[in-house]
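Per-entry structural report
Listed below, chain by chain, are the residues.
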Amino acid sequence: MSTEAAAQKRPVELEASWLKLLREEFDSDYMRQLRVFLREEKQSGRQVYPPGSDMFNALNSTPFDDVKIVILGQDPYHGEGQAHGLCFSVKPGVPVPPSLRNIYRELETDMGFDPPGHGFLQAWAQQGVLLLNSVLTVRANQAGSHQGKGWERFTDRIVALLSQHKEALVFLLWGSYAQKKGAIVDRNRHLVLQSVHPSPLSAGRGFFGNRHFSQANTYLQSHGKPAVNWQLPP
């Protein structure tokens, strides 16, 4: 059995603080229907990314109480070996995707960031940066194939919980999709920073020069929270 196939068979686990907050969601009809859909996908022989053990990696890596910054993505990467449950991030050894290269470029200008030779963002997640995709699974090589199946409602609930029960978070909303999803965030309680998406198709129209990373750290420190060390290990 391949490593990927073995990972698909491991049971899904969720970090305790998120499980407590989201238990009612897992018991809801829409999540039952989503589980049936995912089971049918696998039973039909379709490859689903990321593997089940990484499906909730964003929540497992960043407990609710630790969240300081939220970055909203859309879909997991749909190429083999790329997605591991953190938006924009890829596993070690996988080429850095174009949008992440542009994120690195803005970090270099804004923070003196030294781009590493990888796209593995786990170090950010462990500092309180919730790297949350709107949709948590995708069919191999078919972008958007799991949209409209229930994940968006589940992740909307996550955003709402953060907005309602946390104070002084930073939401980084890049592109119209993330901005629509983040429209429910209470701007009186949190800092919301918006720009175009870092995709090569749009980054030159306002992502470069947005200085979101330094602004986020300034805001956190002004509210007594430690800044994020954006520099990634080599």
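Since we're looking at a predicted model, the values are computed, not measured.

What to know about the sheet that holds strand β2 (residues 69-73)
Strands sit in the order β3-β2-β5-β6 across an open sheet of 4 strands; the sheet is parallel. Strands at the two margins of the open sheet, each flanked by one partner only, are β3 (129-133) and β6 (191-195). Each strand axis lies, on average, 20° off the axis of its neighbour in the sheet, ignoring direction. Across 5 bridges, β2 lies against β3 in parallel orientation.

Notes on the pattern of salt bridges
What the rule picks out here adds up to 7 salt bridges. For E41, the salt bridge goes to R46, with nearest N and O atoms at 3.1 Å. What makes E41 buried here is its relative accessible area of 2%. Residue classification places R46 among the partly exposed residues on the basis of a relative accessible area of 38%. E167 serves as the salt-bridge partner of R189, at 3.1 Å between the closest nitrogen and oxygen. Linking R189 in the loop between α8 (176-181) and β6 with E167 in the loop between α7 (151-165) and β5 (170-174), this pair joins segments that are 22 residues apart in sequence. Its relative accessible area of 25% is what places R189 among the partly exposed residues. Taken together, the shared-partner salt bridges connect E41, R46 and R139 into one network.

Points about helix α5 (residues 98-111)
Spacing of three or four residues puts side chains on the same side of an α-helix, whose turn is 3.6 residues. Across its 14 residues, α5 extends 20 Å between first and last C-alpha, which sits within 8% of the 20 Å expected from 1.5 Å per residue. Where α5 is concerned, the buried positions are S99, L100, N102, I103, Y104, E106, L107 and D110. Looking at the buried side of α5, the elements it contacts are α6 (122-125), β5 and α9 (212-222). Backbone geometry just downstream of α5 places G112 in the positive-phi region, at approximately 70°.

Some remarks on the confidence of the model for the chain
Caution is warranted with low-pLDDT regions, since their predicted coordinates should not be read in detail. A residue-level look at the chain finds 95% of positions with pLDDT of 70 or above and a mean pLDDT of 94. Below pLDDT 50 for its whole length, residues 1-11 participates in 16 contacts with residues either more than four positions away or in separate chains.

Criteria and cut-off values
- Residues numbered from 1 in each chain as written.
- Predicted model: local features only at pLDDT ≥ 70, side-chain atom pairs only at ≥ 80, totals over all residues.
- Heavy atoms only, no water.
- Pairing = 2+ DSSP bridges.
- Helix = DSSP H or I, 4+ residues; strand = E, 2+ residues; numbered from the N terminus.
- Axes fitted to C-alpha atoms, helices over the stretch in contact; angles between N-to-C directions.
- Salt bridge = Lys/Arg side-chain N within 4 Å of Asp/Glu carboxyl O.
- Buried < 20%, exposed > 50% of the residue type's maximum accessible area, 1.4 Å probe, protein only.
- Expected span 1.5 Å × (residues − 1).
- Contact = heavy atoms within 4.5 Å.
- pLDDT = per-residue confidence, 0-100.

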